[in-house]
Amino acid sequence: MNKKFVLGIYDDEDVLLDAIENVRAAGTKIYDVFSPYPVHGIDDVLGIKRSRLPIVAFFCGLFGTSFALWMQIWMLGFDWPMIIGGKPHIAIPAFIPVTFELTVLCAAFGMVITFFIVSRLKPSFKVNVFDKRSTDDKFVMAIEVKEGVTDMSALNNLLRSNGAIEVNEKEVIK
């Protein structure tokens, strides 16, 4: 499946942020923006909602804590109770290191797996790069072109009037 994009290339992040606001105000949907380094405030300007990944991390960590405590209490208290140094079978302070480790392990794996699923990232050999200069010194705003809906000349004029130093078309195989 091929998708066609119009790329507005910018050389200054402040011009880019203003352009994003103006392009969105004009009613054009921005597919994505690529930059050589993180730009403070770009998420807010693009209208990206706050991630819910911390909620997933909390519940995965809660699962890790519950599982660690259940496992240790079951193994050392009921399944195979052993008296070690006169300690009780269910000695919660002794369980803290294992509980902490399993909490962190489950939270980390849960976040990574959730991130890959939500982002639809999968192993691939080909990575689509819209413009190689976006990894060096340029900022690239990508706008998806819909056949018969998008007015190319108006979009080109909109990007150029908002500070784009270059406007290109690119077809990407998805």
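Residues numbered from 1 in each chain as written. Predicted model: local features only at pLDDT ≥ 70, side-chain atom pairs only at ≥ 80, totals over all residues. Heavy atoms only, no water.

Q: Before we go on, may I ask you to explain the side chain of aspartate 131 in this structure?
A: When you line up the elements, aspartate 131 lands in the loop between helix H4 (92-119) and strand S3 (139-145). Its relative accessible area of 11% is what places aspartate 131 among the buried residues. Within the local environment of aspartate 131, its side chain forms a polar contact with the backbone nitrogen of arginine 133, the two atoms lying 2.9 Å apart. (Helix = DSSP H or I, 4+ residues; strand = E, 2+ residues; numbered from the N terminus. Buried < 20%, exposed > 50% of the residue type's maximum accessible area, 1.4 Å probe, protein only. Polar contact = N/O pair within 3.5 Å; in protein donor to acceptor, adjacent residues only side chain to side chain.)

Q: Please explain the side chain of asparagine 162 as it appears in this structure.
A: Note that asparagine 162 resides in the loop between helix H5 (152-161) and strand S4 (166-173). Engagement of the side chain of asparagine 162 in a polar contact is seen with the side chain of asparagine 22, the distance being 2.7 Å. Beyond its immediate chain neighbours, meaning those up to four positions away, asparagine 162 contacts Tyr10, Val15, Ala19, Asn22 and Val23. (Contact = heavy atoms within 4.5 Å.)

Q: Any chance you could explain the domain arrangement of the chain here in plain terms?
A: Many authors give the size of an interface as the accessible area that is lost as the parts come together. Under the domain assignment used here, the chain contains domain 1 (2-49 + 126-173) and domain 2 (53-118). For domain 1 and domain 2, the distance between their C-alpha centroids amounts to 46 Å. (Domains from an automatic or database assignment.)

Q: Would you mind going over the pairing of S3 with me for this structure?
A: Two faces, one strand: in a regular strand the side chains alternate between the faces of the sheet. Burial analysis of S3 places 6 of its 7 residues in the buried class, which makes it a mostly covered element. As defined by bridge partners, strand S1 (residues 2-10) adjoins S3 across 7 bridges and the pair is classed as antiparallel. The residue bridging phenylalanine 5 from the neighbouring strand is glutamate 144, located in S3. (Pairing = 2+ DSSP bridges.)

Q: Help me understand the nonpolar core, please; the structure alone is not making it clear to me.
A: In globular proteins that are soluble, nonpolar side chains generally tend to be buried together. Core analysis: the largest hydrophobic core is formed by 22 residues, its most contacted members being Tyr10, Leu16, Ile20, Val33, Ile42, Met141 and Leu159. Breaking this core down by element, the ones donating at least two residues are S1, helix H1 (13-25), helix H2 (42-46), S3 and H5. Ranked by the residues each element gives to this core, the list is headed by H1, at 5 residues. Residues Ile9, Phe130, Ala142 and Val172 belong to the second largest nonpolar core, which totals 7 residues. (Core = buried A, V, L, I, M, F, W, Y, C linked by side-chain atoms within 4.5 Å.)

Q: Which parts of the structure should I look at to understand the packing of helix H3 (residues 53-79) against H4?
A: Geometry of a packed helix pair, given as the angle between the helix axes and the separation of the axes. At a minimum axis distance of 7 Å, the contact between H3 and H4 shows a crossing angle of 145 degrees. Here the hand of the crossing between H3 and H4 comes out right-handed. Across the contact of H3 with H4, the residue classes break down as 19 nonpolar, 8 polar and no charged. (Axes fitted to C-alpha atoms, helices over the stretch in contact; angles between N-to-C directions. Left-handed = near helix turned anticlockwise from the far one by under 90°. Nonpolar A, V, L, I, M, F, W, Y, C, P; charged D, E, K, R; others polar.)

Q: What is the right way to look at a nonpolar patch on the surface in this model?
A: A grouping of Phe63, Phe67, Trp70, Trp74, Met75, Leu76, Phe78, Ile90 and Ile92 is seen on the molecular surface, where their side chains present a nonpolar patch of about 910 Å² in accessible area. The leading source of residues in the nonpolar patch is H3, at 7 residues. Of note, phenylalanine 78 is situated in helix H3. On the basis of relative accessible area, phenylalanine 78 is assigned to the exposed category, the value being 51%. (Patch = residues over 30% accessible without salt bridge, like charges linked within 9 Å, V, L, I, M, F, W, Y side chains within 5 Å. Areas by Shrake-Rupley, 256 points an atom, 1.4 Å probe, with all protein chains shown as cover. Salt bridge = Lys/Arg side-chain N within 4 Å of Asp/Glu carboxyl O.)

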